[in-house]
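So the chains spell out like this:
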Amino acid sequence: MERAAKGRGYGLEKGRTTNCDQGLSMMLLSEWSLDSTLPIPQLPSPWAKAVVAALALLCFGTSYDGDFVFDDSEAIINNKDLRPETSLGHLWEHDFWGTNLISNTSHKSYRPLTVLTFRLNYLVAGGLHPIGFHLINIALHSVISAMMLDVFAVLLGGLVHDEKGKLLNKAPKASFLAAVLFAVHPVHTESVSLAFHVMLKIDYRLLGLLAEQTCSVLCSSYCPSSAIVKPSESGVNIVFDALVVCKMDILQLGEILFGKDKSERNLTWRRGFFTRILLVLSGGTALLYCRWRIMGTGPPVFTEVDNPASFADSALVRTINYNYYYSLNAWLLVCPWWLCFDWSMGCLPLIKSFDDFRIFALFALWFFLIGISWQGLFSKNPEERRILGSGITLMIIPFLPASNIFFRVGFVIAERVMYLSSTGYCILLSYAMCVLSKKGRRIKNLLSAALVGLVILNIMQCIRRSDHWRSEEALFTSALSVCPYNAKVHYNVGKNLADRGKVESAIQYYRQAVRLHPKYVHAMNNLGNILKERKELQEAEKLLSRAVAIQPDFAAAWMNLGIVQNSLKKFEEAEKSYWTAIKYRKRYPDCYYNLGRLYADLHRNVDALNAWQNATHLKPNHGLAWNNLIILLDNTGNLAKAEVVGKEALKLLPNDHTIMFSFANVLGKLKKYKEFFQELNKQVRKFLWKGKAASLSMEKLTQKFEQSGLQLPNLKNYKESESLFLKALQINPNIASYHGNLAVLYHRWGRLDLAKERYEIAMKLDSTSPGIAENYSLLKKKLEQLKKSQP
């Protein structure tokens, strides 16, 4: 290329060659105008970016105070890699969900840097507070939308610079329209509203495009930076390199690749371009190999309910349904009103015959794709070929990892995977609007109204959908109208209802989930748990037995089955169920806890202690296991051991009121006040006064005894016990047994007025408790005796 005279347009001269080095250093201006008739305002670049960012905030800002919902529970709430106590080294060995990559249950999604940002958020916020995650996501989408204005300017207007090397926007209106459409697209709601997904989308994809663009200007040579992107994005960078940086004609590329064009004028061009391709492909291949090695050289394992089409026996059925899924993804880009958090489990029944009318969706998809591709290949306008090629590339290539072509994926449709693909759709739609705006004033007026209406409708849908994603209740119930035959939707609605205490309604939804999917073991497990709590043990046992028969390695169902069998006095069967659960999940503290309860019911105290010790070893903050250990040691008279265990438990769980209560009982029993005083007098007479009677107060006796260095029971037991009881009552003041046992402590201690006060409070809270009533009666008799004995 050569620069034309100053003041004139820039174009290609006949007989001149175009090489990549010249294209990288200075791209010439084109006389072709893309968006001169587009009926939208032309704003300065800073103002345009501000408007785009503001629209993005308007669409998704309402979700800033939302809860952790859906996948957030596994990716953030239950992900131990976010906790400060977890070694940073584990981030490089675990997948995105905190599971070891070599595990069969791992999804193989390896994003350690993303998890590291979550960990930083956790540290800065001082815990799991969703508002921080949501604010970052909303801000990220707003910034990305503004940045996309520059990307769209290059893709739609070309990589064009003035004489000073400043990048020019040759399509300001079209790029602004595309950025607005991207910012307000409702399909992004899941990506923005979930606490983690936008960070996944930004990865290196957008940065790779911008790095490619920047290097092409500054280096005037090949740019290796694009080799850092994900393998799936290498293709995007190659096409960007060819169509935008080198302004290469697709037909010309075909001729070169197939050896039809062997002229000398293409040698320089080929050397620069193919060197860049080699770098990109080498980097992508290296990353792909590293990823393969890290994930254990095996793909993730999914089940039929996750992706039914991939388990179809017929290759034809699989192909038809994959293409049906593609058509639905494309439809969601065009008409994003039919959105759902999950599309599996009967939401989209398989197409198994050509009589199914849904098969027309496949023909419609390929009709438009082939039509656009044909126009992009054979249009007489090279700018149109470049724009259509860029749009199709951005729409298709980022979607390929989710297409089931290379490997099975764990979903049917996932709106979040269309975040980058939507950029290609926005390019194509903006270009179509530019073309239509040239068809006359009437079309232009209609187009202006249509664009305003489209943006307003998209903003309204984004706000509405963002509100759905603010809570699980709204999210799950919104899916009932979209996928009424999706068993997972009914399961999640039921689970949410159960968590909120609406058990009757939860049972109905769980039953519906099992009816829609008779092998839905998780629904059976949860329904069995509810029936267990309602003492409907026979049906619960049938459901849980059916669940483990369908999925023999379902450890949670085995444990719950053991609990039900224990309640039915089927002790041998319960023990087998517990050990089967532990067989399939080696580190299962809850199962050891329940196994200990079984052994305690059978008076196998040693086995019970071992089981609860295993539970506390596997899960040091297992309060129920610690509490039962203290109680069993107390009941078996091993108070010294109970004291040691109680102190250890309170170090780990200093605010657990049940442990405080049990430990307080132990301390109260260790030595009664009178027994200790008698023992103390005996020891003092023996060692200090050599058999003479002591006439000191208790405080002075204690002081003398401590000075002697002798080891006897601690005088502070009652005070420690009292302190623990009072702490437990501060946490939960409405438990009658806590007041009753504190009254017993005061009774033993001789502080009878305080004992009476606590007995009266306990009687008000639970007047039917025989133990409290009996102890209160004994106290009243003692008070009467003391009153009579007074002169």
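Every chain begins its residue count from 1, and numbering advances along the sequence as written. Where totals are concerned, whole chains, interfaces and linings use all residues; where local detail is concerned, this predicted model gives features only for residues with pLDDT of at least 70, and gives and counts side-chain atom pairs only at 80 or more. To get the side-chain values, all heavy atoms of the structure are used, and hydrogens and water are removed first.

Draft legend 1. Quick peek at the overall build of the protein chain. Within the protein chain, the secondary structure is distributed over 35 helices and two strands. Remark: exposure states derive from per-residue accessible area (1.4 Å probe, protein chains only) relative to the maximum for the residue type, with buried under 20%, exposed over 50%, and partly exposed in between. Expressed as a percentage of its 791 residues, the buried residues of the protein chain come to 49%. In the protein chain, of all internal contacts separated by at least 6 residues, the share reaching a separation of at least 24 is 65%. Reported accessibility uses the Shrake-Rupley method at a 1.4 Å probe radius. Residues are deemed covered only where the shown protein chains occlude them. Accessible surface, the protein chain as shown: approximately 39000 Å² in total, 58% of it carbon and sulfur. Secondary structure elements are taken from DSSP: a helix is a run of H or I of four residues or more, a strand is a run of E of two residues or more, and numbering for both begins at the N terminus. By definition in these notes, contact holds between two residues if any of their heavy atoms fall within 4.5 Å.

Draft legend 2. Fine view of the nonpolar core. Formed by 171 residues in total, the largest nonpolar core has its most connected members in Phe 152, Leu 156, Phe 341 and Trp 343. Looking at this core, the element that brings in the most residues is helix α6 (residues 172-183), giving nine residues. We call a set of buried Ala, Val, Leu, Ile, Met, Phe, Trp, Tyr and Cys residues a nonpolar core when their side-chain atoms join them within 4.5 Å. Of all hydrophobic cores here, the second largest spans 10 residues; its members include Ala 75, Ile 76, Val 115 and Phe 133.

Draft legend 3. Local environment of the state of the cysteines. Our working definition of a disulfide is a cysteine sulfur pair at a distance within 2.5 Å. A complete count under the given rule lists one disulfide for this structure. Across the disulfide from Cys 347 sits Cys 483; the S-S distance is 1.8 Å. Taken as a pair, Cys 347 in the loop between α13 (315-334) and α14 (360-378) and Cys 483 in the loop between α18 (472-479) and α19 (487-499) lie far apart in primary sequence, 136 residues in all. Owing to a relative accessible area of 12%, Cys 347 belongs among the buried residues under this scheme. Residue Cys 483 is classed as buried on the basis of its relative accessible area of 1%. Of all cysteine sulfurs, the one in Cys 483 lies closest to Cys 340, which takes part in no disulfide; the gap is 3.9 Å. Overall, Cys 340 belongs to the buried group, its relative accessible area being 1%.

Draft legend 4. Inspection of the environment of Tyr 509 at higher detail. Within the secondary structure, Tyr 509 sits in helix α20 (residues 503-516). On the accessibility criterion, Tyr 509 (26% relative accessible area) is partly exposed. Excluding anything up to four places from it in sequence, Tyr 509 contacts Leu 480, His 490, Val 493, Gly 494 and Leu 497.

Draft legend 5. Representation of the side chain of Asn 525 in the model. Of note, Asn 525 is situated in helix α21 (residues 521-533). Beyond its immediate stretch of four places on either side in the chain, Asn 525 contacts Leu 544, Phe 554, Ala 556, Ala 557 and Asn 560.

Draft legend 6. Structural view of the packing of α13 against α14. In this description, a line fitted to the C-alpha atoms serves as the axis of each element, helices being fitted only across the stretch in contact, and the angle between N-to-C directions of two axes falls anywhere from 0 to 180 degrees. Close contact between α13 and α14 brings their axes to 9 Å; oriented N to C, the two are set at 65 degrees. For the pair α13 and α14, the sense of crossing is left-handed. Listed contacts from α14 to Ile 320, Asn 323, Tyr 324, Tyr 326, Ser 327 and Ala 330 of α13 are Ala 361, Leu 362, Leu 365 and Trp 366. Nonpolar residues are Ala, Val, Leu, Ile, Met, Phe, Trp, Tyr, Cys and Pro. Charged residues are Asp, Glu, Lys and Arg, and all others, Gly as well, are polar. In the contact of α13 with α14, the residues fall into eight nonpolar, two polar and no charged. In this scheme, a crossing is called left-handed if the near helix is turned counterclockwise away from the far one by less than a right angle; it is called right-handed if the turn is clockwise.

Draft legend 7. Molecular detail of the packing of aromatic side chains. The pairing test for Phe, Tyr and Trp rings, Trp by its six-membered ring, is centres within 6.5 Å, and the orientation test on the planes gives stacked under 30 degrees, edge-to-face over 60, and tilted for anything in between. Counted by the stated rule, this structure contains 13 aromatic pairs. Between the aromatic rings of Phe 70 and Phe 341, the centroid separation amounts to 4.8 Å while the plane-to-plane angle is 80 degrees, which identifies the pairing as edge-to-face. Linking Phe 70 in the loop between α2 (45-60) and α3 (72-77) with Phe 341 in the loop between α13 and α14, this pair joins segments that are 271 residues apart in sequence. Across the pair, exposure class does not vary: Phe 70 and Phe 341 are buried alike. Seen from their ring centres, Phe 70 and Phe 476 are 6.5 Å apart, and the 80 degrees between their planes marks the pair as edge-to-face. One end of the pair, Phe 70, is in the loop between α2 and α3; the other, Phe 476, is in helix α18, and 406 residues separate them in sequence. Accessibility assignment for this pair places Phe 70 and Phe 476 in one class, buried. One residue, Arg 408, lies across the ring of Phe 311, its end atom 3.9 Å from the ring centre. Here, over-ring charges are defined by two tests on the NZ atom of lysine or the CZ atom of arginine: distance to the ring centre within 6 Å, and angle to the ring normal within 35 degrees.

Draft legend 8. Focus on α14. When the terminal C-alpha atoms of α14 are compared, their 27 Å separation across 19 residues agrees well with the 27 Å that a helix rising 1.5 Å per residue should span. Within the sequence span of α14, burial applies to Leu 362, Leu 365, Leu 369 and Gly 376. Considered in projection along α14, the buried side chains sweep an arc of 75 degrees and stay on one side of the axis. Of the exposed residues in α14, the ones pointing more than 90 degrees away from its buried face are Phe 360, Phe 363, Phe 367, Phe 368, Ile 370 and Trp 374. Helix span, expected: 1.5 Å multiplied by one less than the number of residues in the helix. Taking the helix axis as origin, the arc is that swept by the directions to the C-beta atoms.

Draft legend 9. View of unusual backbone geometry. Here Met 345, not a glycine, exhibits a phi torsion of approximately 55 degrees, which is positive. Tracing the backbone shows Met 345 in the loop between α13 and α14. One non-glycine residue, Lys 535, adopts positive backbone phi at about 65 degrees. Position of Lys 535 among the secondary structure elements: in the loop between α21 and α22 (537-550). You can call Lys 535 exposed: its relative accessible area is 67%.

Draft legend 10. Region of interest: helix α5 (residues 130-157). Helix length check: α5, at 28 residues, gives a terminal C-alpha distance of 40 Å against a target of 40 Å (1.5 Å per residue), a fit within 8%. Each residue is assigned a bend, namely the angle between axes fitted to the seven residues that terminate at it and the seven residues that start at it. When the local axis directions of α5 are compared, the greatest deviation, roughly 25 degrees, occurs at Asp 150. Among the residues trailing α5, Gly 158 stands out with phi positive, at a value near 90 degrees.

Draft legend 11. Quick look at the confidence of the model for the protein chain. Residue-level confidence of the predictor, termed pLDDT, takes values from 0 up to 100. Residues at a pLDDT of 70 or more form 78% of the protein chain, whose mean pLDDT is 79. Below pLDDT 50 for its whole length, residues 210-229 participates in 50 contacts with residues either more than four positions away or in separate chains. Low pLDDT (under 50) marks residues 704-715, which in the prediction has 16 contacts with non-local residues, meaning those over four places away or in another chain.

Draft legend 12. A look at the pattern of salt bridges. Each reported salt bridge corresponds to a side-chain nitrogen of Lys or Arg within 4 Å of a carboxyl oxygen of Asp or Glu. What the rule picks out here adds up to 17 salt bridges. Between Arg 470 and Asp 65 there is a salt bridge, and its shortest N-O distance comes to 2.9 Å. With Arg 470 in the loop between α17 (441-468) and α18 and Asp 65 in the loop between α2 and α3, this pair connects stretches of sequence that are 405 residues apart. Taking the relative accessible area as the measure of exposure, Arg 470 reaches 26% and is therefore partly exposed. Here Asp 65 falls in the partly exposed class, since its relative accessible area comes to 36%.

Draft legend 13. How the structure looks around the packing of α20 against α21. For the pair α20 and α21, the least separation of the axes is 9 Å and the interaxial angle reads 150 degrees. In terms of orientation, α20 lies roughly antiparallel with respect to α21. You can see that α20 and α21 cross each other, and the crossing is left-handed. Judged by residue contacts, Val 503, Ala 506, Ile 507, Tyr 510, Arg 511, Ala 513 and Val 514 of α20 engage Ala 523, Met 524, Asn 526, Leu 527, Ile 530 and Leu 531 from α21. In what follows, roughly perpendicular refers to angles from 65 to 115 degrees, roughly parallel to angles under 35, roughly antiparallel to angles over 145, and oblique to any angle outside these ranges.

Draft legend 14. Examining the environment of Gly 158 more closely. Residue position: Gly 158 is located in the loop between α5 and β1 (160-161). Each C-alpha atom, one on Gly 158 and one on Leu 168, is 8.8 Å from the other, the two residues being 10 residues apart in sequence. The residues touching Gly 158, leaving out its near neighbours within four places in the chain, are Ala 153, Leu 168 and Arg 386.

Draft legend 15. View of a nonpolar patch on the surface. Residues form patches when they are more than 30% accessible in relative terms and have no salt bridge. Like charges link within 9 Å. Nonpolar side chains (Val, Leu, Ile, Met, Phe, Trp, Tyr) link within 5 Å. On the surface, a cluster of nonpolar side chains totalling about 470 Å² of accessible area is made up of Trp 337, Val 452, Ile 456, Leu 457 and Met 460. Residue class for Ile 456 comes out partly exposed when judged on its relative accessible area of 43%.

Draft legend 16. Spotlight on the environment of Asn 655. Considering the arrangement of structural elements, one finds Asn 655 in the loop between α28 (639-652) and α29 (657-670). Sequence-wise, Asn 655 and Leu 724 are 69 residues apart; in three dimensions their C-alpha atoms are separated by 10.0 Å. Apart from the residues lying within four places of it in its own chain, the contact partners of Asn 655 are Met 660 and Ile 731.

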